[in-house]
Amino acid sequence: MAGFNGIEGDLNVPGEIPIWIAVLYFVIVGAIYAAAIAMKRVNFNTLDLVYIGIGGALSVVLEFYVGPIFSRVVPKVPGLDISFALRLFMVTIFAAIIRKPGSAAAMLAIFDLLGDQFHYGYSGEPVYLIYESLTYGFFIDFVTFISGNHLFGIGMKKMSAAGCSSQGSSRPLGPARRLKLKL
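Quick notes on the rules
- For every chain, the first residue of its written sequence is number 1, and the numbers climb from 1 along that sequence.
- Local features in this predicted model are restricted to residues of pLDDT 70 or higher, and side-chain atom pairs are both shown and tallied only at a pLDDT of 80 or more, whereas totals for entire chains, interfaces and linings draw on every residue.
- For side-chain calculations, the full set of non-hydrogen atoms in the structure is used, while hydrogens and water are omitted.
- Think of each axis as a best-fit line through the C-alpha atoms, taken over the contacting stretch in the case of a helix, with angles from 0 to 180 degrees between the N-to-C directions.
- In this text, helices come from DSSP runs of H or I with a minimum length of four residues, and strands from runs of E with a minimum of two, each type numbered from the N-terminal end.
- An angle counts as roughly parallel when it lies under 35 degrees, as roughly antiparallel when it exceeds 145, as roughly perpendicular when it falls between 65 and 115, and as oblique in every other case.
- Crossing handedness is read from the near helix: turned anticlockwise from the far helix by less than a right angle, it gives a left-handed crossing, and turned clockwise, a right-handed one.
- Should any heavy atoms of two residues lie within 4.5 Å, those residues are counted as being in contact.
- Only Asp, Glu, Lys and Arg are considered charged in this grouping, and only Ala, Val, Leu, Ile, Met, Phe, Trp, Tyr, Cys and Pro are considered nonpolar; every other residue, Gly among them, is considered polar.
- In this analysis, rings of Phe, Tyr and Trp, with Trp reduced to its six-membered ring, are considered paired at centre separations within 6.5 Å, and the interplanar angle assigns stacked below 30 degrees, edge-to-face beyond 60, and tilted for intermediate values.
- With a 1.4 Å probe rolled over the protein chains alone, any residue whose accessible area is under 20% of its type maximum counts as buried; one over 50% counts as exposed, and the rest are partly exposed.
- Buried residues of nine kinds, namely Ala, Val, Leu, Ile, Met, Phe, Trp, Tyr and Cys, make up a nonpolar core once their side-chain atoms join them within 4.5 Å.

1. Here's the deal with the packing of helix 2 (residues 46-73) against helix 4 (residues 103-120)
Orientation of helix 2 relative to helix 4, taken along the N-to-C sense of each, is 50 degrees, at an axis distance of 8 Å. When the interaxial angle is binned, helix 2 and helix 4 end up oblique. Once helix 2 is placed against helix 4, the crossing between them reads as right-handed. Side by side, helix 2 and helix 4 meet where Tyr51, Ile52, Gly53, Gly55, Gly56, Ala57, Ser59, Val60, Glu63 and Phe64 of the first sit next to Ser103, Ala106, Met107, Ile110, Phe111, Leu114, Gly115, His119 and Tyr120 of the second. In terms of residue class, the contact of helix 2 with helix 4 is made up of eleven nonpolar, seven polar and one charged.

2. Some remarks on the packing of helix 2 against helix 3 (residues 82-98)
Running from N to C, helix 2 and helix 3 cross one another at 160 degrees; their axes reach a closest spacing of 8 Å. Judged by the angle between their axes, helix 2 and helix 3 are roughly antiparallel. Along this stretch, helix 2 crosses helix 3, giving a crossing that reads as right-handed. When the residues that make up the contact of helix 2 with helix 3 are grouped by side-chain class, the tally is 16 nonpolar, five polar and three charged.

3. Focus: the packing of aromatic side chains
If you walk through the whole model with that rule in mind, you get eight aromatic pairs. Arranged with centres 5.7 Å apart and planes meeting at 65 degrees, the rings of Phe138 and Phe139 form a pair that is edge-to-face. Seen from their ring centres, Phe138 and Phe142 are 6.0 Å apart, and the 25 degrees between their planes marks the pair as stacked. Within this pair, Phe138 and its partner Phe142 are both found in helix 5 (residues 127-146), separated by four residues, close to a single helical turn. Owing to a relative accessible area of 41%, Phe142 belongs among the partly exposed residues under this scheme. Among the aromatic residues, those joined into a cluster by ring pairs are Tyr33, Phe138, Phe139 and Phe142.

4. Description of the side chain of Thr144
Position of Thr144 among the secondary structure elements: in helix 5. Overall, Thr144 belongs to the buried group, its relative accessible area being 0%.

5. Observations concerning the environment of Val27
Counting through the fold element by element, Val27 comes out in helix 1 (residues 19-38). As a C-alpha pair, Val27 and Leu134 span 107 residues in sequence and 9.8 Å in three-dimensional space.

6. Observations regarding the nonpolar core
By size, the foremost hydrophobic cluster in this structure holds 19 residues, and its most contacted members are Val91, Ala95, Ala104, Met107, Phe111 and Ile140. Examining the composition of this core, we find that nine residues originate from one element, helix 3, more than from any other. What Met107 contacts, discounting residues up to four positions off in sequence, is Tyr51, Ile52, Gly55, Gly56, Val91, Phe94, Ala95 and Ile98. Val29, Tyr33, Ala105 and Phe138 belong to the second-largest nonpolar core, a separate cluster that totals five residues.

So, in C-alpha cells, the structure goes:
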C-alpha cells in the first residue's frame, strides 16, 4: 500500500539496498560526526552560525518557492529536479563560504526543520532529519574536509611569481605603480 506521496514501505525487496547496509552507513557517518565533535574539529563561531541559518532558510525558499517556478519554465530532464538542485547549490555555496566541515549537515538539518514547519509537516521526523543531514550534508562536508577547508578554492592565498618586479625594484608593487598612474 502506497503512502500519501506514493512511497511504499517495503524493505529488503530485490533491487533495493538491504536495511542492514543502510543502518551500517548511518552508524558509521554518525560516529564520524561524533568523533569530530569530541575532538573539537567542529567549532562554529557566531558568524558561522548566522551563515548556517541563512543558508538553511534560503534553501527552503529555493526548494519550495523559486524551484517550482523554474520547473515550469525549464524543460523536464529525467533524473534532475530543479528544486533539489537549487537547494544543494545553495548549501554548497554557503558551505564554501563557511569553510568548516559540519556546516552542510547543519544547514540541511535547518532546512529539514523549516521545510517541515512551512511545507511538509512533522509526520516523517526524525527520519528525514537524519537522512538529509547524514547523506547529502555528509558528502558536502567530506569534500570540504578533503579540499583542506577550501571548497572551490575559496580562501586560498593567491599564488605569485617569485622574483617578478617592475624595473628591477625589489619592493612590492602597489596599485599606482602597477598601472603607472601619477596620482
